[in-house]
Amino acid sequence: MDTLEAIKKRRSIRKYKDQPVEWEKIVNVVDAARFAPTSGNIQNWKLVVVKETANKKLISHACYDQKWIESADTIIVVIGQPAVGARFYSGRGEHLYTIQNATAVIENMLIAATDQGLGSCWIGAFDDDLLRRSVMLPEEDLPIGVVTVGYSDEDPDMPPRIEPQHMIFLEKFNAKRKLPMRGYYSQKMPQTMERTSKALDRAAGKIKQKFQEFKEKQANKQK
Ligand SMILES: Cc1cc2nc3c(=O)[nH]c(=O)nc-3n(C[C@H](O)[C@H](O)[C@H](O)COP(=O)(O)O)c2cc1C
C-alpha cells in the first residue's frame, strides 16, 4: 500500500475481531512512532502498550466507559513529557510542542496500522486522572491519547469531509481569490497554482497600468 492510499484508507475502527494481532505488526506500529518528527528532535513522548484484559478494562473505564475499546487486541497509551518540552523550549515547548510531538506519533501509528491491514482508533475522550492511574503514570507526565489496534470487524464508510475550497486557501487565509480552487482536487494543485499565479500577474499588471495612468494624469495637471 502506498502512503497516500494508507492515509485515505484509514478509518476509525470501533469493533474488532477476536483475533490476535501478530507481535511483529504491533512492533511495526510502535516503531513507526519513533520516526515521527518532534520539535528539535527532543522526542519527549512515551508509549504504554497494553495487552492484558484487566488493564484494558481500566483504560476503557478511564475513557468514559467506551466499552468497545476492550475488544481491541492492543491499546497504546500515548504520553507527553511537558517538563522536557519546557526545558528545551519554555512555555511553548511545554504547552504546544509536547502535544504536537505526541500527536504526530499517534498519526504515524494509525497509518502504520492501516498499512498492515489493521484497524485502529484515536481516542481523546478520557479522564486524565483515571487514565494516569490505569498505567501508573508519573505526576510530571501527561496522557495525550489512546490508540486501539486490532483486526477490524466493521467496514465503516468515510465520514463526510468539508469541501477543500472551504478550508484550504491560496496565499492568504479566507482569501476571496478562492475561485480557482473550485473543483480543486489534490492532483490538480499544480495547475490551480499556475492559473492563480497567472490571474494574479494579470491583476498586478492592471494595477500597475492604472497607477501609471494616474501618475501621468497628475504630471499633466501640474504642467
Ligand atoms: C483528538 C481526537 C480525539 C478522538 N476521540 C475519540 C474518542 O474518544 N472516541 C472515539 O470513538 N473516537 C474518537 N476520535 C475519532 C474521531 O471520532 C474520528 O477520527 C472522526 O470521526 C473521523 O472519522 P475517521 O477517523 O474514520 O476518518 C478522536 C479523534 C481525534 C483526532
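The model shown is predicted, which means the values in this text are computed figures rather than measured ones.

1. Describing the overall build of the protein chain
Here is step 1: What the protein chain contains, in helices and strands, is six helices and four strands.
Here is step 2: Against the compact-globule benchmark of 17 Å for 223 residues, the protein chain has a radius of gyration of 25 Å, which places it well outside the compact range.
Here is step 3: Taken along the three principal axes of its C-alpha coordinates, the protein chain extends 90 × 40 × 30 Å.
Here is step 4: Long-range pairs, those at least 24 residues apart, make up 74% of the contacts in the protein chain between residues at least 6 apart in sequence.
Here is step 5: Computing the positive centroid from 35 side-chain charges and the negative centroid from 29, the protein chain places the two 14 Å apart.

2. Here we look at the site of the ligand
Here is step 1: Taken together, the neighbourhood of the ligand is formed by 13 residues, with Arg-10, Arg-11, Ser-12, Arg-14 and Arg-161 sitting nearest.
Here is step 2: One nitrogen or oxygen atom from the side chain of Ser-12 is found 2.6 Å from an oxygen atom belonging to the ligand.
Here is step 3: Interatomic distance of 2.9 Å between a backbone N/O atom of Gly-124 and a nitrogen atom of the ligand.
Here is step 4: Of the residues contributing to the shell around the ligand, the split by class is six nonpolar, three polar and four charged.

3. Details of the domain arrangement of the protein chain
Here is step 1: Its domain assignment divides the protein chain into domain 1 (3-150) and domain 2 (168-222).
Here is step 2: A straight line from the C-alpha centre of domain 1 to that of domain 2 covers 45 Å.

4. Quick notes on the environment of Gln-165
Here is step 1: Mapped onto the elements of the fold, Gln-165 is located in the loop between strand 4 (142-150) and helix 6 (189-222).
Here is step 2: Residues Gln-165 and Arg-133, spaced 32 residues apart in sequence, show a C-alpha to C-alpha distance of 44 Å.

5. So, a negative patch on the surface
Here is step 1: On the surface, Asp-128, Asp-129, Glu-139 and Glu-140 cluster together into a negatively charged patch.
Here is step 2: When you line up the elements, Glu-140 lands in the loop between helix 5 (128-135) and strand 4.

6. Let's talk about the packing of helix 3 (residues 53-62) against helix 5
Here is step 1: In contact at an axis separation of 8 Å, helix 3 and helix 5 are set at 170° when each is read in the N-to-C sense. Judged by the inter-axis angle, helix 3 sits roughly antiparallel to helix 5. Residues Leu-58, Ile-59, His-61 and Ala-62 of helix 3 form the contact with helix 5, whose participating residues are Leu-130, Leu-131, Ser-134 and Val-135.
Here is step 2: Across the contact of helix 3 with helix 5, the residue classes tally to six nonpolar, two polar and no charged.

7. Here's the deal with the pattern of salt bridges
Here is step 1: What the rule picks out here adds up to five salt bridges.
Here is step 2: Residues Lys-15 and Asp-153 are paired through a salt bridge, measuring 3.8 Å at the closest nitrogen-oxygen approach. Note that Lys-15 is positioned in the loop between helix 1 (3-9) and helix 2 (23-34) and Asp-153 in the loop between strand 4 and helix 6, a separation of 138 residues in sequence.
Here is step 3: According to the relative accessible area criterion, Lys-15 is partly exposed, its value standing at 45%.
Here is step 4: With relative accessibility at 37%, the residue Asp-153 sits in the partly exposed group.
Here is step 5: Between Arg-34 and Asp-31 there is a salt bridge; the shortest N-O distance is 2.6 Å. Residue Arg-34 and its partner Asp-31 are located together in helix 2, separated by three residues, close to a single helical turn.
Here is step 6: Connected via shared salt-bridge partners are Lys-57, Lys-67 and Glu-70.

8. Here's the deal with helix 2
Here is step 1: With twelve residues, helix 2 extends 17 Å between its outermost C-alpha atoms, agreeing within 8% with the 16 Å of an ideal straight helix rising 1.5 Å per residue.
Here is step 2: All of the buried residues along helix 2 are Ile-26, Val-29, Ala-32 and Ala-33. Buried residues along helix 2 cover an arc of 120° about the axis, so they all sit on one side. What points out from helix 2, more than 90 degrees from its buried face, is the exposed set Trp-23 and Glu-24.
Here is step 3: Close packing links the buried residues of helix 2 with strand 1 (45-50), strand 2 (74-80), helix 4 (82-115) and strand 4.

Parameters and conventions
Residues numbered from 1 in each chain as written. Predicted model: local features only at pLDDT ≥ 70, side-chain atom pairs only at ≥ 80, totals over all residues. Heavy atoms only, no water. Helix = DSSP H or I, 4+ residues; strand = E, 2+ residues; numbered from the N terminus. Rg over C-alpha atoms; globule rule 2.2 N^0.38 Å. Contact = heavy atoms within 4.5 Å. Lys, Arg positive; Asp, Glu negative; His and termini not counted. Charge placed at Lys NZ, Arg CZ, Asp CG, Glu CD. Near = heavy atom within 4 Å. Polar contact = N/O pair within 3.5 Å; in protein donor to acceptor, adjacent residues only side chain to side chain. Nonpolar A, V, L, I, M, F, W, Y, C, P; charged D, E, K, R; others polar. Domains from an automatic or database assignment. Patch = residues over 30% accessible without salt bridge, like charges linked within 9 Å, V, L, I, M, F, W, Y side chains within 5 Å. Areas by Shrake-Rupley, 256 points an atom, 1.4 Å probe, with all protein chains shown as cover. Salt bridge = Lys/Arg side-chain N within 4 Å of Asp/Glu carboxyl O. Axes fitted to C-alpha atoms, helices over the stretch in contact; angles between N-to-C directions. Parallel < 35°, antiparallel > 145°, perpendicular 65-115°, else oblique. Buried < 20%, exposed > 50% of the residue type's maximum accessible area, 1.4 Å probe, protein only. Expected span 1.5 Å × (residues − 1). Arc of directions from axis to C-beta.

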